[in-house]
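Okay, here's what each chain looks like letter by letter:
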Amino acid sequence: MMHWGKFFCFVMLGALFLTGSSFDSWGAAAKPSQATETCLACHRAVTPGIVSDWENSYHSTSTPTAALEKAKRERRMSAAQVPVELSGHVVGCAECHTANPDAHPDTFDHNGFKVHAVVTPADCAVCHPTEVDEYSHNIMAQAYGNLNHNPVYHDLVEMSIGTQKFSDGELSVDPPNIDTESDACNYCHGTVVEFQGLEERSTGMGTMSLPKYSGWPNQGVGRINPDGTKGSCAACHTRHHFSIEMARKPYTCGECHKGPDVPAYKVYMVSKHGNIFNSHWKDWDFKAVPWVAGEDFTAPTCASCHASLVTSPTGEVISERTHQFNDRSAWRIFGLPYAHAHPKDADTSKIKNADGLPLPTALDGTPASDYLIDEKEQTKRRATMKRVCRACHSEGWIDGHFERFENTVQVMNEKTLTSTGILLDAYNSGAAKGLADSDSLFNEALEKKWVETWLFYANSTRFSSAMAGADYGVFANGRWYMNKTIAEMADWLEMLKKIHEDED
């Protein structure tokens with residue numbers, strides 16, 4: 001027969017679980033602050049989806065005080081302490097949306113509170129300072145400027161998503177407007193979000209003065225926020241759930257890394273690792289901290305290779321948690337004509353190559369070495385990544401894999417050099433116009449074919465080799481299409497030369 005005291009405790013625990021309550025380390029129910037309760041009173045009716053996300057989040061069930069009392073390896077926050085007024089209750093609406101009010105130009109009076117709508121990395125840094133600092137050194141944090149402050153790459157944007165016009169036998173391109181940019185490249189790279197002032201809006205709670213923004217909505221990785229900070233934590237830890245589980249699954253990375261220019265997600269899904277993930281992910285624990293290889297998961301995801309704190313079943317640290325996602329990668333393998341060592345500075349718009357262009361390599365493949373990490377740092381990063389592989393693979397397997405990958409880097413750079421040579425021949429013969437003629441690098445058909453050789457096919461092949469993605473390195477945007485397009489470029493060059501000679 002069940003003891004009545006035990007039965008009563010069981011019922012109470014079940015009731016608390018069903019109502020979303022939790023216990024902090026002292027055994028008392030962890031509750032929202034009074035300010036957050038005030039927010040919830042209205043927003044349960046106005047934005048029930050947001051409230052539901054938050055109620056199912058870790059933030060809603062744990063206090064910073066309880067988090068700090070966990071063993072360091074088990075913590076999800078990096079702050080050694082937090083302000084007293086935040087420590088005794090769960091992290092709710094008010095704790096994020098009223099933080100640092102003087103630093104936010106979009107702070108406005110809302111039902112007795114100083115509120116800002118756009119939560120930024122500076123707000124998250126109250127509890128997660130290490131993660132925010134690491135992310136600031138990450139190329140993703142500079143994604144907006146790296147694209148839009150680099151005239152070469154902004155020209156590629158305009159030629160890719162601008163509106164083509166045909167008049168009097170001539171083709172021209174009108175630059176994309178800001179909404180097109182926000183809906184295309186800047187969806188992932190990030191927009192500039194600027195506070196435009198308050199406007200009267202009709203809501204379910206009556207007419208209210210609410211903020212108006214340009215560049216909004218957006219949660220791109222390099223978003224420029226109204227307070228001047230860069231990035232959006234919600235790009236990976238989608239608001240308002242802010243789930244570590246979501247950030248560890250490949251679907252999240254696949255939102256932007258899908259291709260054909262960055263086919264990481266597609267390559268992963270057809271790899272042996274992707275096969276194991278698709279077969280067994282329901283048996284994995286994506287919430288465990290630290291993440292134990294062989295117990296919590298049995299094949300790597302993007303996060304286990306590039307970000308997560310991973311340990312062995314005996315507690316040995318395989319890789320430390322990091323939000324500087326390139327510090328385990330020796331090579332930068334996508335987005336540029338040639339694979340090259342990673343830039344030293346995340347702001348790649350500062351780079352000047354031998355041609356005087358803001359690119360990490362010259363058109364002949366010569367690296368802008370002064371701006372790139374050296375061989376010693378590459379060796380260090382390669383070793384860090386190999387430690388992750390070693391959790392499941394032997395040294396011979398790992399060394400063989402990396403030898404193949406390094407060979408692919410070299411071979412695809414050679415193929416890109418071939419396609420570039422054809423383009424330069426076209427410029428030198430007058431069959432095409434380029435930068436020397438004060439013209440775009442990307443507006444002529446031959447130039448667009450050149451872009452496809454490295455932006456699609458070389459990238460795809462390198463990803464296939466790095467992640468064991470089989471056909472993506474051969475026929476699915478791989479070596480076949482690289483060779484086919486180079487052959488087409490050579491034929492087009494011959495044709496263009498004849499046309500140019502006839503015109504002369």
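In this text, all values refer to a predicted model and were calculated from it rather than measured experimentally.

**A word on the pattern of salt bridges**
Argument step 1. The full count for this structure, using the stated rule, is 15 salt bridges.
Argument step 2. By sharing partners, the salt bridges in this structure join K449, K484 and E488 into a single network.

**Notes on the pairing of strand 6 (residues 170-174)**
Argument step 1. With five bridges connecting them, strand 5 (residues 163-167) and strand 6 associate as antiparallel partners. Across the sheet, the residue bridging to K165 is S172, located in strand 6.

**As for the nonpolar core**
Argument step 1. One finds V152, Y153, F442, W450, V451 and W454 to be the most contacted residues of the largest nonpolar core, which totals 30 residues.
Argument step 2. Contributions of two or more residues to this core are made by helix 10 (151-161), helix 19 (395-429), helix 20 (445-467) and helix 21 (479-503).
Argument step 3. When residues of this core are assigned to their parent elements, the largest contribution, seven residues, is made by helix 20.
Argument step 4. When sequence neighbours within four positions are dropped, the list of residues in contact with V451 reads L156, F442 and F456.
Argument step 5. Y265, Y268, F277 and A293 belong to the second-largest nonpolar core, a separate cluster that totals 13 residues.

**Things to note about the sheet that holds strand 10 (residues 310-311)**
Argument step 1. Spatially, three strands are ordered 9-10-11 in an open sheet, and the strand pairing comes out mixed. Where the open sheet ends on each side, the last strands, each with one partner, are strand 9 (291-292) and strand 11 (317-319).
Argument step 2. Inspection of the sheet shows strand 10 paired to strand 11 by two bridges, in the antiparallel sense. The residue bridging V310 from the neighbouring strand is S319, located in strand 11.

Rules used throughout
- Residues numbered from 1 in each chain as written.
- Predicted model: local features only at pLDDT ≥ 70, side-chain atom pairs only at ≥ 80, totals over all residues.
- Heavy atoms only, no water.
- Salt bridge = Lys/Arg side-chain N within 4 Å of Asp/Glu carboxyl O.
- Pairing = 2+ DSSP bridges.
- Helix = DSSP H or I, 4+ residues; strand = E, 2+ residues; numbered from the N terminus.
- Core = buried A, V, L, I, M, F, W, Y, C linked by side-chain atoms within 4.5 Å.
- Buried < 20%, exposed > 50% of the residue type's maximum accessible area, 1.4 Å probe, protein only.
- Contact = heavy atoms within 4.5 Å.

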